[in-house]
Amino acid sequence: MRSWAAGAILAVLAALPAGAQELDARLPTCFACHGEKGTSQLPEIPSLGAQQAFYTTVQLLMFRDKLRVTEPMNEMAKGLSDADLQKAAEIIAKLPAPEPITDTPDAARMDKARALSTQHRCNVCHQANYQGLDNVPRLAGQREDYLLKTLRGYKDNTRRGYDAQMSEVVYGMKDEDFVDLAYFLARVK
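Rules behind the numbers
Residues numbered from 1 in each chain as written. Predicted model: local features only at pLDDT ≥ 70, side-chain atom pairs only at ≥ 80, totals over all residues. Heavy atoms only, no water. Axes fitted to C-alpha atoms, helices over the stretch in contact; angles between N-to-C directions. Helix = DSSP H or I, 4+ residues; strand = E, 2+ residues; numbered from the N terminus. Left-handed = near helix turned anticlockwise from the far one by under 90°. Contact = heavy atoms within 4.5 Å. Nonpolar A, V, L, I, M, F, W, Y, C, P; charged D, E, K, R; others polar. Buried < 20%, exposed > 50% of the residue type's maximum accessible area, 1.4 Å probe, protein only. Core = buried A, V, L, I, M, F, W, Y, C linked by side-chain atoms within 4.5 Å. Expected span 1.5 Å × (residues − 1). Salt bridge = Lys/Arg side-chain N within 4 Å of Asp/Glu carboxyl O.

J.: Explain the packing of helix H8 (residues 144-156) against helix H10 (residues 175-185) to me, please; I cannot follow it from the model alone.
T.: To characterise two packed helices, one gives the angle between the axes of the helices and the distance between these axes. At a minimum axis distance of 8 Å, the contact between H8 and H10 shows a crossing angle of 145 degrees. In this structure, H8 crosses over H10, and the sense of that crossing is right-handed. In contact with Glu144, Leu147, Leu148, Leu151, Arg152 and Lys155 of H8, H10 contributes Asp175, Phe178, Val179, Leu181, Ala182, Tyr183 and Leu185. Each residue belonging to the contact of H8 with H10 can be placed in one class, and the counts come to nine nonpolar, no polar and four charged.

Structure below.
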């Protein structure tokens, strides 16, 4: 499904040069993947609702300038002004936060992940409620598969941030730690 969605987006973008599309014309395509109300229904595509505006602006800037390479995001951000990026980020920040997974969580896994979060200071930078702040993203209620993909990407250096902090945090962690953290964060409100 993910490859179909990416293919559909690229087909739409190919019809018009990205620089010719205004931000308002691009937003429906953004929300087709990331969810109309900011909660993604597509595997490994992040939910953006209530994401920190400053963080989102920086990520969009990185996509636009290809400092972070992820198609079709690079194409979506291509040609947008800094003001456009800020406007998109402000729209995203006003969307409702994604709802956490509402199953009956495994208490042992939740406790293990809380301990990992404390040990690796996730609950400091991302805040005790995992809502993020300024340039630190909101993690609470994020898609579990996306969180896992992102943590693995920081570990294997396929996901780069605008600083090395996350790579340093995950360096000594094991994949099973990532699995537990993703499980936990997807269930935090």
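Text resumes after the structure shown.
J.: What exactly am I supposed to notice about the side chain of Thr56 here?
T.: Positionally, Thr56 belongs in helix H3 (residues 53-64). Thr56 gets classed as buried once you look at its relative accessible area, which sits at 6%. Among all residues touching Thr56, those that are not within four sequence positions of it are Gln51, Ala89 and Ile92.

J.: In this structure, what is going on with the nonpolar core? I would like to understand it.
T.: Most often, soluble globular proteins have nonpolar side chains that are buried together. One finds Tyr130, Val170, Phe178, Leu181, Phe184 and Leu185 to be the most contacted residues of the largest nonpolar core, which totals 20 residues. When contributions to this core are tallied by element, the ones reaching two or more residues are helix H6 (107-119), H8 and H10. At six residues, H10 tops the list of elements feeding residues into this core. Setting aside chain neighbours within four positions, we find Val170 in contact with Leu151, Tyr154, Lys155 and Phe178.

J.: Explanation requested: H3 in the structure shown.
T.: In an α-helix, one full turn covers 3.6 residues, which means residues spaced three or four apart are oriented alike. Taking 1.5 Å of rise per residue, twelve residues should cover 16 Å, and H3 covers 16 Å from first to last C-alpha, within 8% of that figure. Across the twelve residues of H3, nine count as buried, placing the element largely inside the fold. Where H3 is concerned, the buried positions are Tyr55, Thr56, Thr57, Val58, Gln59, Leu60, Met62, Phe63 and Arg64. In the segment just after H3, Lys66 is the residue with positive phi, at about 55 degrees.

J.: Would you mind showing me how to read the pattern of salt bridges here?
T.: In a structure, side chains of opposite charge can pair up when their charged atoms sit close to one another. In the structure shown here, the tally under the stated rule is twelve salt bridges. Residue Arg187 pairs with Glu144 through a salt bridge whose shortest N-O separation is 3.0 Å. Of the two residues, Arg187 sits in the segment after H10 while Glu144 sits in helix H8, which places them 43 residues apart along the sequence. The exposure class assigned to Glu144 is partly exposed, which follows from its relative accessible area of 24%. Put simply, Asp175 and Arg152 hold a salt bridge, and the shortest N to O gap is 2.6 Å. Separated by 23 residues along the polypeptide, Asp175 in helix H10 and Arg152 in helix H8 bring together distant segments of the chain. You can call Asp175 partly exposed: its relative accessible area is 36%. For Arg152, a relative accessible area of 34% gives the class partly exposed. Connected through salt bridges with shared partners, the residues Arg64, Asp65 and Asp82 form a single ionic network.

J.: I keep staring at unusual backbone geometry and nothing clicks. Help me out?
T.: Look at the link from Glu71 to Pro72: it is a cis peptide, with omega at 10 degrees. Tracing the backbone shows Pro72 in the loop between H3 and helix H4 (73-77). Residue Tyr130 is not a glycine yet carries a positive backbone phi of 60 degrees. As for its position among the elements, Tyr130 is in the loop between helix H7 (122-125) and H8. What makes Tyr130 buried here is its relative accessible area of 6%.

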